[in-house]
Amino acid sequence: MVDLYQPVIFESVGSVVIAEFDRDGTLLNGNAGLHRLTTEYPVSLWQLLTQPQPGTVMHAPPDSNGRIYSGLLTVVGRNGAMITLTGAIYCEADRIQLVAGYDMSEVEALSSSLLELNGELTDAYRELAQSNRALELREVEIRRLALTDVLTGVGNRRRLDEALVSEIARSVRSGQMLSLVILDIDYIKKVNDTWGHMAGDRVLQETGAVLLALLRPFDVVTRMGGEEFVVFLPTTTLQDAMDCAERLRLGIEGRDFGLSSQITASFGVSCLMPGETGASLLARADTALYDAKQAGRNRVMAASAVAPG
């Protein structure tokens, strides 16, 4: 038997459970391992040991070493959990002693199983994160396609309608200027009648490319329909918008569209007025565009500052 009366053993040993009981099973002493194993300190062998049965063990004859049991022990741990240990129970005179440690084969098997489960869980989380990311990217792509004009690659009419609301709201919220440019390709019907609709589509595509190349990343470029395009210029005054429209006009005028005739465009520019709606902003730019066409086309005209009705 282990000499439980040696303090170095009884107080310091924490990797094993050492407990001493009297012949009635009442706990006399227990080491640190016993304290860590159980939530409530057991007062008897009957409270601690479930397998083998204490009554059976206590009546078993001891071997030459005073051992009455050797093998697996099931004890009641914290919160009533059943814990498997491996060890021995000794009987000497009026004392019963339990010396046990964890069943390492079980601990190793459990650790291996936990590692495997953790690995599977990590893989599952990784796959889920990848799937979520792919789904997010797909949703972004679907939205982009839903708001893009297939022919020209700029925003479609739905994007135009959204921008009329969002850009005006942003301007009002920030207190910054917002200008709008509407342009119409000159004599596009003549292009279609002379070189065919495929040539007309190419002119629209090239025009969209010019606009995207010459504008800022946060400017919003849309196709309103037919040969008309609308550009939103955040944080831009009317004069700066006029200068921008002139650069766009020159960009289109100087573009090689692969035709024997030069392609030009006419522009109308408006700047958001206090209390103005999107419909009014667009209408004033459209009126300026009409004035540019009436004045001979291939030019930029500013909208009159007429207060919204």
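Just so it is clear, the model here is predicted, and its values are computed rather than measured. Starting from 1, residues in each chain are numbered consecutively following that chain's sequence as written. Per-residue local features are limited, in this predicted model, to residues with pLDDT of at least 70; the limit for side-chain atom pairs, both in listing and counting, is 80 or more; totals at the level of whole chains, interfaces and linings are taken over all residues. Just so you know, side-chain values use all the structure's heavy atoms and leave hydrogens and water out.

Undergrad: When you look at the sheet that holds strand β10 (residues 265–271) in this model, what are you seeing that I'm missing?
TA: For sheets, the rule is that strands pair by backbone hydrogen bonds, running either parallel or antiparallel. Taken together, five strands build an open sheet; the order of strands is β8-β9-β7-β10-β11 and the sheet is mixed. Each edge of the open sheet is held by one strand with a lone partner, namely β8 (220–225) and β11 (300–302). Taking the axes of each pair of neighbouring strands and ignoring which way they run, one obtains an average angle of 20° across the sheet. Relative to β10, strand β7 (residues 178–185) runs antiparallel, the two sharing seven bridges. Note on β10: the bridge partner recorded for D184 is S266. Packing of helix α8 (residues 197–214) onto the sheet brings it into contact with β7, β8 and β9 (228–234), and relative to β7 it is tilted by some 155°. Contacts were defined at the residue level, with two residues in contact if any of their heavy atoms lie within 4.5 Å. Geometry is summarised by axes, namely lines fitted to C-alpha atoms with helices restricted to the contacting stretch, and by angles between N-to-C directions that run from 0 to 180 degrees. The helix and strand labels rest on DSSP assignments: H or I over at least four residues marks a helix, E over at least two residues marks a strand, and numbering proceeds from the N terminus. On top of the sheet, helix α10 (residues 278–294) reaches β7, β8, β9, β10 and β11; it is set at about 145° to β10, its chief contact. Two strands pair under a simple rule: DSSP has to find at least two bridges between them.

Undergrad: How do you make sense of unusual backbone geometry when you look at a structure like this?
TA: Both trends apply: most residues other than glycine have a negative phi, and most peptide bonds are in trans. For the bond from Q51 to P52, the omega torsion is -5°, close enough to zero to count as cis. Checked against the element boundaries, P52 lands in the loop between β3 (49–51) and α4 (54–58). The residue R297 is not glycine, and still its phi comes out positive at about 70°. For N298, which is not glycine, the phi dihedral falls at a positive 50°.

Undergrad: I tried to follow the environment of L238 on my own but got confused; where do I start?
TA: Structurally, the position occupied by L238 is in helix α9 (residues 238–253). Three labels apply to residues, based on accessible area from a 1.4 Å probe with only protein chains included: buried if under 20% of the type maximum, exposed if over 50%, partly exposed otherwise in between. L238 gets classed as partly exposed once you look at its relative accessible area, which sits at 30%. Along the backbone, L238 and M177 are 61 residues apart, and their C-alpha atoms lie at a distance of 8.6 Å. Contact partners of L238, with chain neighbours within four places excluded, come to S179, V269, S270, C271 and A302.

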